[in-house]
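# A look at the structure
Residues per chain, in single letters:
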Amino acid sequence: MIPLSWYLIVSAALFCIGLFGVFARRNAVAILMAIELMLNAVNINLLAFWRYRTPTEPIGLAWSIFVLALAAAEAAVGLALVISIYRERDTVIAEELDTLKY
Amino acid sequence: MNPQSLLPSVPEFLAILPEISLVILIVAVLAYDRILKPAERRRVGLLAAWGSIVILLITVGLWVLFREPEPNRSLVESLMWGGMIRNDLITLIFRVMFLVAVAIVSLISLDVPALQRGEYFALLLSATIGFSLMAAGSDMIMLFLAIETASISLYILTGFLTDDRRSTEAGIKYFVYGAFASAIMLYGLSLVYGITAQTNIYVIASLVAQSGAIPPEINGLFLLATVMIVAGFGFKISAVPFHFWTPDAYEGAPAPVTAFVSTASKAAGFAVTIRVFAAGALGAPNFDSEWWAMLVAITIVTMTLGNILAIFQSNIKRMLAYSSIAQAGYTLIGLVALTPDGSGAAMFYLLMYVFTNVAAFGVVVLVSRETGSDDMQDFYGLSRRAPYLALAMLFALLSLGGIPPTAGFIGKFFIFKAAVDAGLWWLALIGVLNAFIGLYYYLSVVKYMYLYRSDDEEERIPVSRAASVALALSVLGIIYLGIAAGPAFEWTRQAGAAFFPFSG
Amino acid sequence: MIQQIIFIVISFLTLLMGWIVVTNRNLFHAALALMGSFLGVAGLYVLLDAGFLAAAQLLVYIGAISILIIFAIMMTRRLMQTSETPFNNQWVLGGITSLVVFAVIAYVVLQVFPWQPGAQPFGAAPEVPGAVLEASVTQLGAALVSVDQYVLPFEVASVLLLAALIGAIVVAWPEKKE
């Protein structure tokens, strides 16, 4: 007997924790972790809606599998970019990446 | 399970034939790269360029010879692969844009030594697959996967020059903002799925249109989902206030990639935005919807801010970045007119923008390779160093500014006319005023090229054959669409009607 | 009742771990907390009768993504041990924004879906015969390969992963010294 809204509230909270992480953290790897939290929140939403709205059709299940694939791809690409920039200038602090400012 | 559901029908197969060919081309490019000797590296780019031209011919040939996509199909018939994509004229026209863009961009990149790698061209092509399916996609699952396929390829392309400070920095910034925006968009899409229990945008649109299907107490949740989705789409088309990544990414990315991001990626973003909003998946497409007011506000701010900030730039790529933000604003006018003509005009505008901006960035690639920077000062006296380059740039700038006889003039004319016809004369007026601001900075570059002198006027700028072919093609496109816009416009207008399957 | 208690405990741990991820000074600890948060989310999937997704969550998020992040942290180690503040100077603004967003989402969600267990609609998961739920994995597998369902997104996902694979190798590969 768990209402749908409980799942949605937990997902919203996780999403907003991720949002805060993206806004507030200085380190690019930490920002990436916060984005992964946001994608997890999306998946909680999708599966909760699947169970409560369309339990007989696998829409939410299939969708969340694709989000999982996306999260893996994003992590790989993001960390590759982090490593490339670290090799080049020994920092991954977002504020110190300021070559492109006038 | 039924074994027949594992086999596609012939129209379904033809509907994704261009994408299948692109996948084959990716494999061919990667394999060809392995067997090439270091001295022949530019051939991998030639293969990519020729391959995309062949795929362009296949796409157009299907239309000319077999009437595929058939324009008279009903909505249900044109939805294919379980409703994942809709094969209609819109899809066809956007595919043509993307394939033209990827062919020309391959041609201008193949003489840049750092980009002569199979992986670079493979990623250009995988981004094209993403764009193509963004234009075709009619299901939220399909749309989000297509958007991500395109974005992931573009993040890498932006950061491709690993020994260049600006390219790596642009890559990581584009990635962080892009992943953030797509997470927000996904959250919004998941809410729409939760509200409607559907994922196909046309099914959702018909649900939304039924009175009572969406009870009024759900409006708040629906509006929240819309705002989140607009954030994601706005990022792709670099509309203010989701534009902050644009100047950095455009400046830092290798110039051919910037040409690609600013044309093909923007056009794909518009394809998705217009399709979703015009179908009415997020509320009926009329002037009373909350999303309409939101988009109008975004349109006005995007045009104005883009133009004003562009005036103050001293780096040519940054100037073109802000100019592309402003151009996105003009294109949005076509969407918010909410008529088939308006959407058709937006498509025509994007088509001409592909030729125009690729020409502009093609010149920037050649000049900056010679001078090693992208400062505006590099263009001083360009007409003496490279008369033909200066001429190509002149046509591109005139087209961006909207001066006849170039395509930009016709494009702006159709957009503003559609707005006036829809009763939005005030929006058209703001657009015209903005076009005048735009003229100021476009014409300053013309002034630098033709009237200013520079110290190294004796140094000619070498132009390879591939680059001159690419520039000639784009300039021909600009002039052709400028003086004989009729057939192309008729085509886009016919396609514009397909955006509104539920009215008329 | 038992289910509700389990839900509350798991959710609390998930959010607590998530909070540690975004606030902890030490990135390595943050990555470990990230694993914990992923584990909690997998627990929520089990409560939602999505056992297969819970297993996939364990394998992909904890087994692959977290390990990848830890690798990246160790490869850029020198910087990770600095003890300066983890936040930039806009963190107050970011915190307020996030709180407002949370309040808005919670408000509109509670307008539509009731808070009390058992209230209608969606006060409890709809009753579905156990056999249907057990068949959902079979259904999912069939849906991913049928032409009239998700075979096209499935293939596009493979292009997405191919692009990510090529891209990650190109960007992370060390420059050749010439």
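For the structure itself, consult the block above.
An account of the accompanying structure is given in this report.

What counts as what
- Residues numbered from 1 in each chain as written.
- Chains lettered and ligands numbered in written order.
- Predicted model: local features only at pLDDT ≥ 70, side-chain atom pairs only at ≥ 80, totals over all residues.
- Helix = DSSP H or I, 4+ residues; strand = E, 2+ residues; numbered from the N terminus.
- Rg over C-alpha atoms; globule rule 2.2 N^0.38 Å.
- Buried ≥ 20, exposed ≤ 12 C-beta atoms within 10 Å, placed from the backbone.
- Contact = placed C-beta atoms within 7 Å.
- Nonpolar A, V, L, I, M, F, W, Y, C, P; charged D, E, K, R; others polar.
- Expected span 1.5 Å × (residues − 1).
- Arc of directions from axis to C-beta.
- Axes fitted to C-alpha atoms, helices over the stretch in contact; angles between N-to-C directions.
- Left-handed = near helix turned anticlockwise from the far one by under 90°.

### What to know about the overall build of chain A
Looking only at helices and strands, chain A features three helices and zero strands. For chain A, the α and β elements follow one another from N to C terminus as α-α-α. Scaling as 2.2 N^0.38, a compact globule of 102 residues should have a C-alpha radius of gyration of about 13 Å, whereas chain A reaches 17 Å, well beyond that. Projecting the C-alpha coordinates of chain A onto the three principal axes gives extents of approximately 55 × 25 × 20 Å. Counting only residues that meet the buried cut, chain A has 78% of its 102 residues in that class. By sequence separation, contacts in chain A at least 24 residues apart represent 49% of the contacts at least 6 residues apart.

### Structural notes on the overall build of chain C
When you go through chain C residue by residue, the secondary structure sums to eight helices and zero strands. Listed by position from the N terminus, the elements making up chain C come as α-α-α-α-α-α-α-α. The C-alpha atoms of chain C give a radius of gyration of 21 Å, which is well past the 16 Å a tight globule of 178 residues would have. Summarising its shape, the C-alpha atoms of chain C cover approximately 65 × 45 × 25 Å along the three principal directions. Every one of the 178 residues in chain C was classed for burial, and the buried ones make up 34%. Considering only intrachain contacts with a sequence separation of at least 6, the fraction spanning at least 24 residues in chain C is 42%.

### Here we look at the interface of chain B and chain C
Contacts between the two partners involve 35 residues from chain B and, on the opposite side, 27 residues from chain C. Sorting elements by how many residues they give to the side of chain B that touches chain C places helix H7 (residues 140–158) of chain B first, with nine residues. Grouping the amino acids of the side of chain B that touches chain C by side-chain chemistry returns 22 nonpolar, eight polar and five charged.

### Things to note about helix H21 (residues 486–498) of chain B
Residue and element names in this part refer to chain B. The end-to-end C-alpha distance of H21 is 19 Å, a good match for the 18 Å that 13 residues give at a rise of 1.5 Å each. Of all the residues in H21, the buried ones are Phe 489, Thr 492, Ala 495, Gly 496 and Ala 498. For H21, the arc enclosing every buried residue in end-on projection is 155 degrees, short of the 170-degree limit, so these residues lie on one face. For H21, the exposed residues lying more than 90 degrees away from the buried face are Gly 486, Pro 487 and Glu 490. In this structure, the buried residues of H21 make contact with helix H5 (89–109), helix H15 (340–371) and helix H18 (407–421).

### Some words on the interface of chain C and chain A
Contacts between chain C and chain A engage 79 residues on the former and 62 residues on the latter. Per-element tally for the side of chain C that touches chain A: the top contributor is helix H5 (residues 91–112) of chain C, with 11 residues.

### Points about unusual backbone geometry
Residue and element names in this part refer to chain B. Omega for the peptide link from Val 240 to Pro 241 comes to 5 degrees, which places this bond in the cis form. Here Pro 241 lies in the loop between helix H10 (219–236) and helix H11 (246–252). Cis geometry marks the peptide bond from Pro 404 to Pro 405, where omega comes out at 5 degrees. Looking at where Pro 405 falls in the secondary structure, it is placed in the loop between helix H17 (387–401) and H18.

### Some points on helix H14 (residues 316–336) of chain B
Residues and elements named next belong to chain B. End to end, H14 covers 30 Å across 21 residues, agreeing with the expected 30 Å (1.5 Å per residue, within 8%). Taking burial as the measure, the 21 residues of H14 include 21 buried ones, the bulk of the element. Remark: Leu 338 follows H14 within two positions and exhibits a positive phi of approximately 55 degrees.

### A short note on the environment of Ala76(A)
As for its placement among the helices and strands, Ala76(A) is situated in helix H3 (residues 59–89). In this structure, the C-alpha to C-alpha distance between Ala76(A) and Thr91(A), residues 15 residues apart in sequence, is 19 Å.

### Considering the packing of H15(B) against helix H20 (residues 465–483) of chain B
All names here are of chain B. Two numbers describe how H15 lies on H20: the axes approach to 9 Å, and their chain directions differ by 145 degrees. Here H15 runs over H20; the crossing is left-handed. When H15 is examined against H20, the residues Met 352, Phe 355, Thr 356, Val 358, Ala 359, Gly 362 and Leu 366 are found in contact with a partner set consisting of Ala 467, Ala 470, Leu 471, Ser 474, Val 475, Gly 477, Ile 478 and Leu 481. Looking at the contact of H15 with H20 residue by residue, the class counts come to 11 nonpolar, four polar and no charged.

Read these as geometric descriptors, not functional statements.
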